[in-house]
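Take a look at the letters that make up each chain.
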Protein chains: 2
Amino acid sequence: MTGPVVVLSGGVGGAKLVLGLSRVLDPAKLTVIANTGDDFLHLGFAISPDIDTILYTLAGLVDPERGWGRRNETWKFMEAIEHLGGETWFRLGDADLALHVERTRRLAGGAPLSEITAHLARRLGVGPHVLPMSDDPVRTRLGTDEGWLDFQDYFVRRRCEPAVREIRYEGADAAAPSAAVLAALGDPRLRAIIIGPSNPLLSIGPILAIPGIRAALANRSVPVVAVSPIIAGQAIKGPTTSMMRELGLPASAEEVARSYEGLIDAFVVDPVDSKAVFPPAIRVVAAPALMKTIEDREQLASAALAAADGLAHAPSV
Amino acid sequence: MTGPVVVLSGGVGGAKLVLGLSRVLDPAKLTVIANTGDDFLHLGFAISPDIDTILYTLAGLVDPERGWGRRNETWKFMEAIEHLGGETWFRLGDADLALHVERTRRLAGGAPLSEITAHLARRLGVGPHVLPMSDDPVRTRLGTDEGWLDFQDYFVRRRCEPAVREIRYEGADAAAPSAAVLAALGDPRLRAIIIGPSNPLLSIGPILAIPGIRAALANRSVPVVAVSPIIAGQAIKGPTTSMMRELGLPASAEEVARSYEGLIDAFVVDPVDSKAVFPPAIRVVAAPALMKTIEDREQLASAALAAADGLAHAPSV
């Protein structure tokens, strides 16, 4: 079981599992396909929140309390911007700014996001391959009871307050996976594809909305294992469950598994959820899913890999 | 003598005199026309070094040691940019960055530099009117023994090392003074125009290269007084004298006065230079020209104003 592994990930929760995977695998054999549906332009900077969280997490730079941004961050820039009457609803730390400035500068120079991300990962000493899901723009937009909102408007500025009625991944239909994404998913030595414990609607949804990626999972020749972002009806982080309820969906691990039906072979849930009723075609594996310590991350990563390896040897795959 | 005063200024040296003027005049009656020939794009930011130095100086935010940038500045952004392999030859402090981000964002939105500068000045609590010499781009370029260099390349990256053979103010011929600049220079109540102790080649040269501004001085109906940036053959700051020598010019206060011939009525020099031979049409006024303390700035400002006021009542004007 030494083949490469691909993991689909959003920000904080997914990044924790990615870190665990990078510690139980040869990092060079781990490829992360990151959601870019939350990417946006702010103060003139091209910001890729999920890529940044994954990079900072893998580089050991992430703020341990927030789970995103940089540890030991300072905020002199934001104080000065506020003094000048600029926009302050999305807070950019002094060191964090550098990542956005470099990305923006290189994008303006014509480099694709995947190339820029690879450069930044190299400079930060990140071992796994971190790939944006596409070099084409995909923008998650939310139809709320206050009208359509861009993701960051909804998530940061409005603090997830407007009730969500509909979600669109604008541009996803026309977005192509980058060559590196297709190569990773089509690698004949591939061991498994893992879907991280990220919000299925906001983080994994945009990735799976790209036809080339969805097709790769639907036509998989290796096990696909998803890890539940919900434990006992509660999201580990963020608005997952409240948004599911607003959309008229049951806020449960079962519902997340159901949403992945046809794309996954196994679903890793916390032991408290293992007695729930899951779609019959999905093998359910129980493992502690709350990742507080680094050991929690490694164990959940190992459980997801074990689930995949078990399927690879089972007659059902 | 309560009419408004206009001062032409570059960065550090000029800003010190501007500060002095703002303290001996009603600040609302002082208009600064700032050199923008050094403006450049760096890391995607529109940077206006002389405007920034003037704003920070008047706002009491300037670093007292360097004379430019902000006091109590931190450099987390630069450290992170360096870590990412970005450009570090032009150093941008964490708080200073905010000014460039706001300017860049507003320029991208279509606002003219003069409107943006007025907004920033207001936010910083700056009393005098600070005007870019033009909303049109003018770029000072230096023909050196290593070829043509942009100003910041020469000044910061190459630390003024290549010998200068020629100077061009690209775009100046086609640049129009902004409406505010023309209004300030044409104000019927105008008391005086002062040329600050800035580098005549790099800071005042670009301003005077704009035909509309040069014509306003050549056709002046009020006294124009220049303050020498050279004391006893030494520039108070920067490469003024070495550059004059490289260009085959005498590095002296007299030569600065000569370069302004036809545009000024009086020239304020340090007492050590008052015995030199100046162009006969220019009245020479001696006053201590080294500005170390705030009192020095106020006294030099008062001396320049007194020189103008003396000329206004003399039959020769």
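Before reading on, note that the structure itself is shown above.
Trainee: Just to check I follow, could you spell out the nonpolar core for this structure?
Mentor: Across soluble globular proteins, nonpolar side chains show a tendency to be buried alongside one another. Ranked by size, the top nonpolar core spans 116 residues in total, and within it Phe45 and Phe77 of chain A together with Phe45 and Phe77 of chain B carry the most contacts. Excluding residues within four positions of it along the chain, Phe77 of chain A makes contact with Leu43, Phe45, Leu92, Asp94 and Leu97 of chain A together with Asp94, Leu97, Ala98 and Val101 of chain B.

Trainee: Would you mind showing me how to read the environment of Tyr56 of chain B here?
Mentor: Residues and elements named next belong to chain B. Note that Tyr56 resides in helix H2 (residues 49–59). Separated by 242 residues in the primary sequence, Tyr56 and Glu298 place their C-alpha atoms 18 Å from one another. Discounting chain neighbours no more than four positions away, the residues touching Tyr56 are Leu61, Val62, Gly69, Arg70, Asp96 and Leu99.

Trainee: I'm lost on the interface of chain B and chain A in this one. Help?
Mentor: For an interface, size is often stated in terms of accessible area lost upon the parts coming together. Tallying the contact residues gives 28 residues for chain B and 28 residues for chain A. Approximately 2400 Å² of surface area, both sides summed, lies buried where chain B meets chain A, with 66% of it carried by carbon and sulfur atoms. For the pair chain B and chain A, the number of links is two salt bridges. The salt bridge partner of Arg105 of chain B is Glu87 of chain A, with a shortest N-O separation of 3.8 Å. Summed over the shared surface of chain B and chain A, the result is eight residue pairs in polar contact (both at pLDDT 80 or more). Looking at the side of chain B that touches chain A, the elements with two or more residues in it are helix H3 (76–83), helix H4 (94–108) and helix H5 (113–123) of chain B.

Trainee: Before we go on, may I ask you to explain unusual backbone geometry in this structure?
Mentor: With the exception of glycine, most residues fall at negative phi, and the peptide bonds are largely trans. Notably, Asn72 of chain A is not glycine yet its phi reads approximately 55 degrees, a positive angle. Here Asn72 of chain A shows up in the loop between helix H2 (49–59) and helix H3 (76–83). Phi at Cys160 of chain B takes a positive value of approximately 60 degrees, unusual for a residue other than glycine. Relative to the elements of secondary structure, Cys160 of chain B occurs in the loop between helix H6 (151–157) and strand S8 (164–170).

Trainee: I would appreciate a short explanation of the packing of H2 of chain B against H4 of chain B in the present structure.
Mentor: Pairs of packed helices are described in terms of their axes, by the angle between the two and the distance that separates them. Residue and element names in this part refer to chain B. As a packed pair, H2 and H4 sit with axes 12 Å apart at the nearest point and diverge in direction by 125 degrees. In this view, H2 runs oblique relative to H4, as classed from their interaxial angle. The way H2 lies across H4 gives a crossing that is right-handed. Packed against H2, whose contacting residues are Ile51, Asp52 and Tyr56, the element H4 presents Asp96, Leu99, His100 and Arg103 at the interface. The residue inventory of the contact of H2 with H4, partitioned by class, reads three nonpolar, one polar and three charged.

Thresholds, definitions, all that
Within each chain, residue numbers correspond to sequence positions counted from 1 in written order. Chain A is the first chain written and ligand 1 is the first ligand written, with later ones labelled in order. Reporting of local features is limited, given that this is a predicted model, to residues whose pLDDT is at least 70; pairs of side-chain atoms are given and counted only at 80 or more, and all residues count toward the totals for whole chains, interfaces and linings. Excluded from the side-chain calculation are hydrogens and water; included are all heavy atoms of the structure. Remark: nonpolar core denotes a set of buried residues (Ala, Val, Leu, Ile, Met, Phe, Trp, Tyr, Cys) joined through side-chain atoms within 4.5 Å. Buried residues are those whose accessible area, probed at 1.4 Å on protein chains only, stays under 20% of the maximum for their type, while exposed residues exceed 50% and partly exposed ones sit between those limits. Note on contacts: a residue pair is in contact if any heavy atoms of the two residues lie within 4.5 Å. Only DSSP runs of H or I covering at least 4 residues are called helices, and only runs of E covering at least 2 are called strands; the numbering of each starts at the N terminus. Each of two parts loses accessible area, computed with a 1.4 Å probe, when they are put together; buried area is these two losses added. The salt bridge criterion pairs a side-chain nitrogen of Lys or Arg with a carboxyl oxygen of Asp or Glu, the two atoms within 4 Å. Throughout this description, a polar contact denotes any pair of N or O atoms lying within 3.5 Å of each other; where both atoms belong to protein, one of them has to be capable of donating a hydrogen while the other can accept it, and for residues adjacent in sequence the pair is counted only when both atoms sit in side chains. Angles run from 0 to 180 degrees between N-to-C directions of axes, and those axes are lines fitted to C-alpha atoms, restricted for helices to the stretch in contact. Geometric relationships in this document are graded by angle, where less than 35 degrees denotes roughly parallel, more than 145 denotes roughly antiparallel, 65 to 115 denotes roughly perpendicular, and other angles denote oblique. Two helices that cross are described as forming a left-handed crossing if the nearer one is turned anticlockwise from the farther one by less than a right angle, and a right-handed crossing if clockwise. Charged residues are taken to be Asp, Glu, Lys and Arg, nonpolar residues to be Ala, Val, Leu, Ile, Met, Phe, Trp, Tyr, Cys and Pro, and polar residues to be all remaining types, Gly included.

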